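This is what each chain is made of:
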Amino acid sequence: MMKQVQAFLLLFCAASVSTFTPSSSFVFRSRGAVALNLFGNKGEDYDEVVEKLMKAKGFTREQAEKDYNLYLSNPNDYMLDKGYDYYEALGYSNIMEGIMAEAEKSGTADSIREELAEFKRQSQMKAISIIGVFFGAFVYLKTVYDANPDAF
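Predicted model only: the values in this text are computed from it and were never measured.

A. Focus on the nonpolar core. Of all hydrophobic cores here, the largest spans six residues; its members are Y46, V50, L53, A64, Y68 and L72. Secondary structure elements with two or more residues in this core: α2 (46–57) and α3 (61–73).

Laid out in structure tokens, this is it:
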């Protein structure tokens, strides 16, 4: 009985992990990016990148290091924050309004809408599959328990 439960849980975990695997269009690949390693070393290119930030944006060394460290700590949040700031500076109330307005200006609004609709559809399918897996696990375990409560 326990082997059946273990096998079920193993399949459940495998299904859950594959559900959260991003599609190839949303995987960001790092090209020579510098990341903080486990020991806190900043990498070989850290100073070079900080110098470039200082020249490009007119930052002081401290400002450039702070900005680059924010990027290194979480690149996705960093880019979202910069996007919010950019579209807010252009006068849009939120990032989606800004993206769509700028896409309409450049003539790419239809393709952006299609990409967003596809992303929403994939997200909904993942959510439904996760709920289904949990529901299936509950039903299976309830059935096994009802068949032999002493086995648990």
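There is more to say, and it comes next.
B. Fine view of the pattern of salt bridges. Taken as a whole, this structure holds eleven salt bridges when the rule is applied. For R61, the salt bridge identified is with E65, shortest N-O distance 3.1 Å. Here E65 and R61 lie together in helix α3, a separation of four residues that amounts to about one turn. E65 gets classed as partly exposed once you look at its relative accessible area, which sits at 22%. For E118, the salt bridge is made with R121, and the minimal N-O distance between the two is 2.8 Å. Of this pair, E118 and R121 are both found in helix α6 (residues 109–147), three residues apart, which corresponds to roughly one turn of the helix. One salt-bridge network, in which partners are shared between bridges, spans D47, E51, R61 and E65.

Rules used throughout
Residue indices follow the written sequence of each chain, beginning from 1 at its first position. Local features in this predicted model are restricted to residues whose pLDDT is 70 or higher, and side-chain atom pairs enter the listing and the counts only when it is 80 or higher, whereas totals over whole chains, interfaces and linings include all residues. Excluded from the side-chain calculation are hydrogens and water; included are all heavy atoms of the structure. As used here, the term nonpolar core means buried Ala, Val, Leu, Ile, Met, Phe, Trp, Tyr and Cys residues forming a set that is joined through side-chain atoms within 4.5 Å. Note on exposure labels: buried denotes an accessible area under 20% of the residue type's maximum, exposed denotes more than 50%, and partly exposed covers the range between, all computed with a 1.4 Å probe on protein chains only. Only DSSP runs of H or I reaching four residues or more are called helices, and only runs of E reaching two or more are called strands; each is numbered from the N terminus. Whenever Lys or Arg places a side-chain nitrogen within 4 Å of a carboxyl oxygen from Asp or Glu, that contact is recorded as a salt bridge.

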